[in-house]
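# A structural walkthrough
What follows is the residue order along each chain.
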Amino acid sequence: MKRTVIDLREIDRTMIDLVGGKAANLGELTRISGIRVPDGFCVTTEAFGRTDLAEEIRRAVAEDRAYAVRSSATAEDLPTASFAGQYESYLDVVGADAIVEHVERCWASLATPRAVAYRAQHGIHDDRVRLAVVVQEMVPAAAAGVLFTADPTSGHRKVSSIDATLGLGDALVSGRVNPDVYRVRDGTIVDRKVVSRVLTDAQIVELERIGRTIEAHFGRPQDIEWCFADGCFSIVQSRPITTLFPIPVRGDDDPHVYVSVGHQQMMTDAMKPLGRSLFQLVAMAPMFDAGGRLFVDVAKGLSSPGRQNLLDVLGAGDPLIGDALVTLLDRGDFLPATTAGATPPMIRSHKGLSAAEIAAPVANDPEIVASLIDERERSLAALKTEIERVRGAALFAFLVEDIARSKQLLADPRSRAAIMAGIHAPAWIDEHVEAWLGEKKVADTIARSLPPNITSEMGLALFDIADVYRRDPAEAQGAIDAFLARYGMRCTGEIDLTRERWAEQPSALVPLILGVIKTHAPGEGRRIAEARRQAALDAEREILARLRASADGETKAADTALMIDVIRRCMGYREYPKYHLICRFFAYKQALLREADELVRANAIDQRDDLYFLTFQELHAGQIDRARIAARRDEHRAFERLTPPRVMTSDGEILTGAYKRAGLPAGALVGLAVSSGVIEGRARIVSRLDAAELDDGDILVTTFTDPSWTPLFVSIKGLVTEVGGLMTHGAVIAREYALPAVVGVERATERIRDGQRIRVNGTDGYVELL
């Protein structure tokens, strides 16, 4: 027998398919001790479209009372999609006939263009959504509003935010009035903006307590609509806050400070479970999962006596991260006092190091980089041979062993010494030469055309393909095949093993090759590289000559020459370890996809990419579950819509940081200077590599770049990104290609219009809109 009208008190959260999200939550609220919910009922999804409901509704309502009639969809008020305001709601409806009419209006709102578009945006098919309708008695409210049990601005889970206005809350929801706003923590009002003094302090604190009770029942932060009448609060809606970025689950009450791995790896997109779990396994420091992204916990480092070194390193890489951490420390209300036993940072800053100290770890091995690369190439060749022979359970045991080998290579002290020397030497030169000669960013010029840089070599290889195509298009396929054999494992967001590689979609290279042909003459790639190399040598001679002519010049020149030698030998190696890791990842992926095909044939999964929604550990243990895969797909779609924070605490508070610089031109967009020079040109906003349409002289403006974007760098004259640091991909290649570049420009892709003329100052770190 169909259930068409159900009292709210008979409903709980398990009945969402019958009553929709809003009604399920309201029914659940009636079960919480001390929470008042206006009486009402739900016209269920089984009644949808029926024309003989009038009698049932007439029995459920009083003709002389006013009711609220509100839509309650099965895909509404969910943890990942609220659908707030997408379906219709009506207030002060009187009489059964009017209520039936407004129920039908709610049903009709299921097909409005805005609701259809919202479902499409959230990946919810129309045939998965059904609509119920909630009918509740109106409360004669003296005041009403919204209560968030987590601060919607900062994300702080221990701070409640209350908006309050006189009368009904519809004027507040529609934006017609300015409310009183209160922020409350642990029973104390910590901030207030009063317009009309709607509630007393005691009432505000009581409302916070009610919110915490509801939050505890549902197990997650809530967006609650409330009203106040006759001295009591009533709750008319509660739904999850879907815009909060999740917090890593740790299982303790200790304070944690999470720094985004994605902002350091140039991959702020959500990663699929298999990709995340594998990257966690090869990482040299523990990484924690939240919102489809990875984070490292720096709380112990910030609590240690050597925390300034950690701040220097993180601040040099991304000033906004550094400033956010300094802001947190300066507040003094979150982390414990400095502790002697805290974990030291993995990376040292160059500050305080002499040229001799920087060079010492690599001084006795002039061929260190060549030998490191040779060892890793041999290891990679062995992996490719061995992995072809293992299948099934043996494959996962093999991968566990190879991941351990991969970590040993990453932890090799010689490799670490070469990388750190290559990072510290240019920083030392820039700091000292500016102090001695007043010249800024001289290392940018000195560091051009450095061998061996696997990423810049990839860009030159693309020039070579274009030249082959010009000579004889029939020979181009062979050149492309050779390119893919060397670089086919690369792609956008490559640290996520599940991303499609160039070798899996070679057509992605076609617009890049055509772009080179369009913007550059035959042989120009090698000519440009040689010109950059010559410019670097000229800059070296000029700087050393000027230093020798200064006070204590021989010592200054000797130290600087030593640092230049370190740059020449070590700085190009910075790109290789990640390339090597991505090569190993591609071998892993090909083997795992062979297993996926076997699982499809065995009817254990439906399609091969189902594997991407399970973790490596689950696959290793044979824990393959279709329901889990489906849930993870939905979860991933929700994660894709979230913007990850640079810094977040275990309270959920997001700290954004700011640039502390004065004297910039009016209206300038500030960022981090990573490649010197000033250039003017047309801004091209590019969100995806395969959608890039660039002309010679354009300035690329995007969220972030990784090695797969290198081919675009041959066609641009400047770079602006929202994410990045001194040693991230865009900065390294911009310096290699002598492109003025500014990174870490907040919301650059929104604040700069596509086609707008801009000036990029890569020396001082700002962008002017012309």
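Residues numbered from 1 in each chain as written. Predicted model: local features only at pLDDT ≥ 70, side-chain atom pairs only at ≥ 80, totals over all residues. Heavy atoms only, no water.

Each helix and strand in the protein was counted, giving 26 helices and 24 strands. Against the 2.2 N^0.38 benchmark of 27 Å for 770 residues, the protein shows a C-alpha radius of gyration of 30 Å, consistent with a compact globule. Along the longest, intermediate and shortest principal axes, the C-alpha atoms of the protein span 95 × 60 × 50 Å. Considering the protein as a whole, with its 770 residues, one finds that 54% of them fall into the buried category. Taking contacts inside the protein between residues at least 6 apart in sequence as the whole, the part at least 24 apart equals 68%. When the accessible surface of the protein is summed, it comes to about 32,300 Å², and 51% of that surface belongs to carbon and sulfur atoms. For the protein, the separation between the mean place of its 93 positive charges and that of its 109 negative charges on side chains is 2 Å. (Helix = DSSP H or I, 4+ residues; strand = E, 2+ residues; numbered from the N terminus. Rg over C-alpha atoms; globule rule 2.2 N^0.38 Å. Buried < 20%, exposed > 50% of the residue type's maximum accessible area, 1.4 Å probe, protein only. Contact = heavy atoms within 4.5 Å. Areas by Shrake-Rupley, 256 points an atom, 1.4 Å probe, with all protein chains shown as cover. Lys, Arg positive; Asp, Glu negative; His and termini not counted. Charge placed at Lys NZ, Arg CZ, Asp CG, Glu CD.)

Here the focus is the packing of aromatic side chains. Counted according to the given criterion, the structure contains 13 aromatic pairs. Consider the rings of phenylalanine 245 and phenylalanine 295, whose centres lie 5.8 Å apart with planes at 75°: the pair is edge-to-face. Taken together, the residues phenylalanine 245 in the loop between strand 11 (232-240) and strand 12 (257-260) and phenylalanine 295 in strand 14 (residues 293-297) connect sequence positions 50 residues apart. A single burial state applies to phenylalanine 245 and to phenylalanine 295, both of which are buried. With a centroid separation of 6.5 Å and an interplanar angle of 80°, the aromatic rings of phenylalanine 713 and tyrosine 737 are classed as edge-to-face. In this pair, phenylalanine 713 is assigned in the loop between strand 20 (698-702) and strand 21 (716-721) and tyrosine 737 in the loop between helix 25 (729-736) and strand 22 (741-743), connecting sequence segments 24 residues apart. Judged on exposure class, the residue phenylalanine 713 and its partner tyrosine 737 are both buried. (Phe/Tyr/Trp six-rings, centres within 6.5 Å; stacked < 30°, edge-to-face > 60°.)

What follows concerns the pattern of salt bridges. This model, assessed by the stated rule, comprises 62 salt bridges. Between arginine 608 and aspartate 597 there is a salt bridge, and its shortest N-O distance comes to 3.0 Å. Note that arginine 608 is positioned in the loop between helix 22 (576-601) and helix 23 (616-620) and aspartate 597 in helix 22, a separation of 11 residues in sequence. By relative accessible area, which is 39% here, arginine 608 ends up partly exposed. Through salt bridges with shared partners, one network takes in Lys158, Arg185, Asp186 and Asp651. (Salt bridge = Lys/Arg side-chain N within 4 Å of Asp/Glu carboxyl O.)

Time to look at helix 6 (residues 201-218). Its 18 residues give helix 6 an end-to-end C-alpha distance of 26 Å, which sits within 8% of 26 Å, the value for a rise of 1.5 Å per residue. Among all positions of helix 6, only Ile204, Leu207, Glu208, Ile210, Gly211, Ile214, Glu215 and Phe218 are buried. Along the axis of helix 6, the buried residues cluster in a sector spanning 160°; they form a single face. Among the exposed residues of helix 6, those pointing more than 90 degrees away from its buried face are Ala202 and Ala216. At the exit of helix 6 stands glycine 219, carrying a positive phi of roughly 80°. (Expected span 1.5 Å × (residues − 1). Arc of directions from axis to C-beta.)

Once that is clear, we can look at the pairing of strand 19 (residues 678-685). Summarising the sheet, strand 19 and strand 23 (residues 757-761) pair through 5 bridges and their orientation is antiparallel. Bridging across to strand 23, isoleucine 679 finds its partner in valine 760. In this sheet, strand 20 lies alongside strand 19 in parallel orientation, the contact comprising 3 bridges. Residue isoleucine 685 lies in a different strand from strand 20, and its bridge partner there is valine 701. (Pairing = 2+ DSSP bridges.)

Moving on, we come to the sheet that holds strand 16 (residues 654-655). Strands sit in the order 13-14-12-15-16 across an open sheet of 5 strands; the sheet is antiparallel. The strands lining the two open edges of the sheet, one partner per strand, are strand 13 (288-290) and strand 16. In the sheet, strand 12 pairs with strand 15 (residues 647-649) via 3 bridges, with the strands oriented antiparallel. Across the sheet, tyrosine 258 pairs through a bridge with methionine 648, a residue of strand 15.

Take the sheet that holds strand 19 next. In space, the 8 strands of this open sheet follow the order 17-24-23-19-20-21-22-18, with mixed pairing throughout. Each end of this open sheet is capped by a strand with a single partner; those strands are strand 17 (669-670) and strand 18 (672-675). Its contacts with the sheet put helix 25 on strand 18, strand 21 and strand 22, and the angle it makes with strand 18 is roughly 45°. (Axes fitted to C-alpha atoms, helices over the stretch in contact; angles between N-to-C directions.)

With 25 residues, helix 20 (residues 524-548) should reach 36 Å at 1.5 Å per residue; the first-to-last C-alpha distance of 36 Å fits that figure. Listing the buried residues of helix 20 in full gives Gly525, Ala529, Arg532, Ala536, Ala539, Ile543, Leu544 and Leu547. Those residues of helix 20 that are buried are in contact with helix 15 (413-437), helix 16 (442-446), helix 17 (454-471), helix 21 (553-570) and helix 25.

Another aspect to go through is the nonpolar core. Ranked by internal contacts, the top residues of the largest apolar core, which has 140 residues, are Val257, Phe279, Leu325 and Phe483. When residues in this core are grouped by element, the largest group, 14 residues, is from helix 22. The residues contacting leucine 325, other than those within four sequence positions of it, are Val257, Val259, Val298, Leu302, Leu311, Leu314 and Val647. Membership of the second largest hydrophobic core comes to 35 residues, among which are Leu8, Leu199, Leu207 and Trp226. (Core = buried A, V, L, I, M, F, W, Y, C linked by side-chain atoms within 4.5 Å.)

What follows is about the packing of helix 15 against helix 20. A pair of packed helices is characterised by two quantities: the angle between their axes and the separation of those axes. Contact pair helix 15 / helix 20: the axes reach a minimum separation of 11 Å and the direction vectors enclose 50°. The angle between helix 15 and helix 20 places the two elements in the oblique class. Crossing angle aside, the handedness with which helix 15 passes helix 20 is left-handed. Residue-level inspection shows Val433, Trp436 and Leu437 of helix 15 in contact with helix 20, the latter providing Ile543, Arg546 and Leu547. For the contact of helix 15 with helix 20, the residue count by class is 5 nonpolar, no polar and 1 charged. (Parallel < 35°, antiparallel > 145°, perpendicular 65-115°, else oblique. Left-handed = near helix turned anticlockwise from the far one by under 90°. Nonpolar A, V, L, I, M, F, W, Y, C, P; charged D, E, K, R; others polar.)

Next up on the list: the confidence of the model for the protein. Counting all residues, the mean pLDDT for the protein is 91, and 94% of those residues have values of 70 or more. When pLDDT is averaged over each element of the protein, strand 14 comes out on top at 98 and helix 5 (residues 170-173) at the bottom at 64. (pLDDT = per-residue confidence, 0-100.)

Between proline 451 and the following residue, proline 452, the backbone shows a cis peptide bond with an omega angle of -15°. Mapped onto the secondary structure, proline 452 falls in the loop between helix 16 and helix 17. Within the chain, lysine 441 stands out as a residue other than glycine whose phi angle is a positive 55°. Following the sequence through the fold, lysine 441 ends up in the loop between helix 15 and helix 16.

What follows covers the environment of cysteine 570. Its place among the elements puts cysteine 570 in helix 21. A relative accessible area of 1% means that cysteine 570 is categorised as buried. The spacing of cysteine 570 and threonine 112 is 458 residues in sequence and 61 Å in space, taken between C-alpha atoms.

This part takes up the side chain of glutamate 618. Along the polypeptide, glutamate 618 turns up in helix 23. Taking the relative accessible area as the measure of exposure, glutamate 618 reaches 10% and is therefore buried. Within the structure, glutamate 618 has its side chain in polar contact with the side chain of arginine 628 (distance 3.4 Å). For glutamate 618, the residues in contact, after removing those within four places along its chain, are Gln623, Arg628 and Arg632. (Polar contact = N/O pair within 3.5 Å; in protein donor to acceptor, adjacent residues only side chain to side chain.)

One way to put it is that helix 13 (residues 368-387) packs onto helix 15 with a least axis distance of 10 Å and a crossing angle of 130°. By the angle between their axes, helix 13 is oblique relative to helix 15. The handedness of the crossing between helix 13 and helix 15 is left-handed. Taken together, the residues of helix 15 that come into contact with helix 13 (itself represented by Ile368, Val369, Ser371, Leu372, Glu375 and Arg376) are Arg414, Ser415 and Ala418. Across the contact of helix 13 with helix 15, the residue classes break down as 4 nonpolar, 2 polar and 3 charged.

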